[in-house]
Amino acid sequence: GGRGIGEVVIVGELERAGIHIADMKKGETVVILSGFPCCVDRNPPSETDGPPGAFAIARSCVALGLNALILTDECNEEVFISGAANVGGWAG
């Protein structure tokens, strides 16, 4: 909503990513990048939809038999550590 990210959207990229994940072999690793610091007046400056979205993608990958690795920047580390501690036994 109005953050000006339309210029960085690549049409069809989400579909290609989904197809790639579906073609992966069990035990392979998906790397998920998240934590865009868009709320710069807050501490931490985490986006509100990125962390839960990253965990949802990770959970789906784990359900497919893949490993999921979420990477974020240092200023969002606490948000992701807290999230990992509260999403259930699949995140380790």
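For the structure, check the block above.
All figures in this text were calculated on a predicted structure; none of them were measured in a lab.

1. Some remarks on the packing of helix α2 (residues 50-63) against helix α3 (residues 77-85)
Here comes step 1: The geometry of α2 relative to α3 is characterised by a closest axis approach of 10 Å and an angle of 45° between their N-to-C directions. In terms of their interaxial angle, α2 and α3 are classed as oblique. Judged by the sense of rotation from one axis to the other, the crossing of α2 with α3 is right-handed. Across the interface between the two elements, P51, A54 and F55 from α2 touch V79, F80, G83 and A84 from α3.
Here comes step 2: Of the residues assigned to the contact of α2 with α3, the class counts are six nonpolar, one polar and no charged.

2. Overview of the pairing of strand β1 (residues 29-33)
Here comes step 1: Of the two faces of β1, the one lined by V30 and I32 is fully buried and the one lined by T29, V31 and L33 carries no buried residue.
Here comes step 2: The pairing of β1 with strand β2 (residues 67-71) spans five bridges and is parallel. Opposite V31, over in β2, you have L69 as the bridge partner.
Here comes step 3: Chirality of the crossover, the property in question, places the unit of β1, α2 and β2 among those that are right-handed.

3. Points about the nonpolar core
Across soluble globular proteins, you tend to see nonpolar side chains buried next to one another.
Here comes step 1: Counting residues in each nonpolar core, the largest one holds nine residues, listed as M24, V30, I32, A54, F55, A58, C61, L66 and F80.
Here comes step 2: The leading source of residues in this core is α2, at four residues.

4. A look at the side chain of N76
Here comes step 1: Locating N76 in the fold gives a position in the loop between β2 and α3.
Here comes step 2: Among the polar contacts listed, one links the side chain of N76 to the side chain of D73, at a separation of 2.6 Å.
Here comes step 3: The contacts of N76, once residues within four sequence positions are left out, are G35, P37, P44, P45 and S46.

5. So, the pattern of salt bridges
Here comes step 1: Summed over the entire model, instances satisfying the criterion amount to one salt bridge.
Here comes step 2: E13 serves as the salt-bridge partner of R16, at 2.9 Å between the closest nitrogen and oxygen. One end of the pair is R16 and the other is E13, both in helix α1 (residues 13-23) and three residues apart, which spans about a single turn.
Here comes step 3: The exposure class assigned to R16 is partly exposed, which follows from its relative accessible area of 44%.
Here comes step 4: The partly exposed category is assigned to E13, whose relative accessible area is 39%.

Calculation rules
- Residues numbered from 1 in each chain as written.
- Predicted model: local features only at pLDDT ≥ 70, side-chain atom pairs only at ≥ 80, totals over all residues.
- Heavy atoms only, no water.
- Axes fitted to C-alpha atoms, helices over the stretch in contact; angles between N-to-C directions.
- Helix = DSSP H or I, 4+ residues; strand = E, 2+ residues; numbered from the N terminus.
- Parallel < 35°, antiparallel > 145°, perpendicular 65-115°, else oblique.
- Left-handed = near helix turned anticlockwise from the far one by under 90°.
- Contact = heavy atoms within 4.5 Å.
- Nonpolar A, V, L, I, M, F, W, Y, C, P; charged D, E, K, R; others polar.
- Buried < 20%, exposed > 50% of the residue type's maximum accessible area, 1.4 Å probe, protein only.
- Pairing = 2+ DSSP bridges.
- Right-handed = clockwise from strand over helix to strand, strands pointing away.
- Core = buried A, V, L, I, M, F, W, Y, C linked by side-chain atoms within 4.5 Å.
- Polar contact = N/O pair within 3.5 Å; in protein donor to acceptor, adjacent residues only side chain to side chain.
- Salt bridge = Lys/Arg side-chain N within 4 Å of Asp/Glu carboxyl O.

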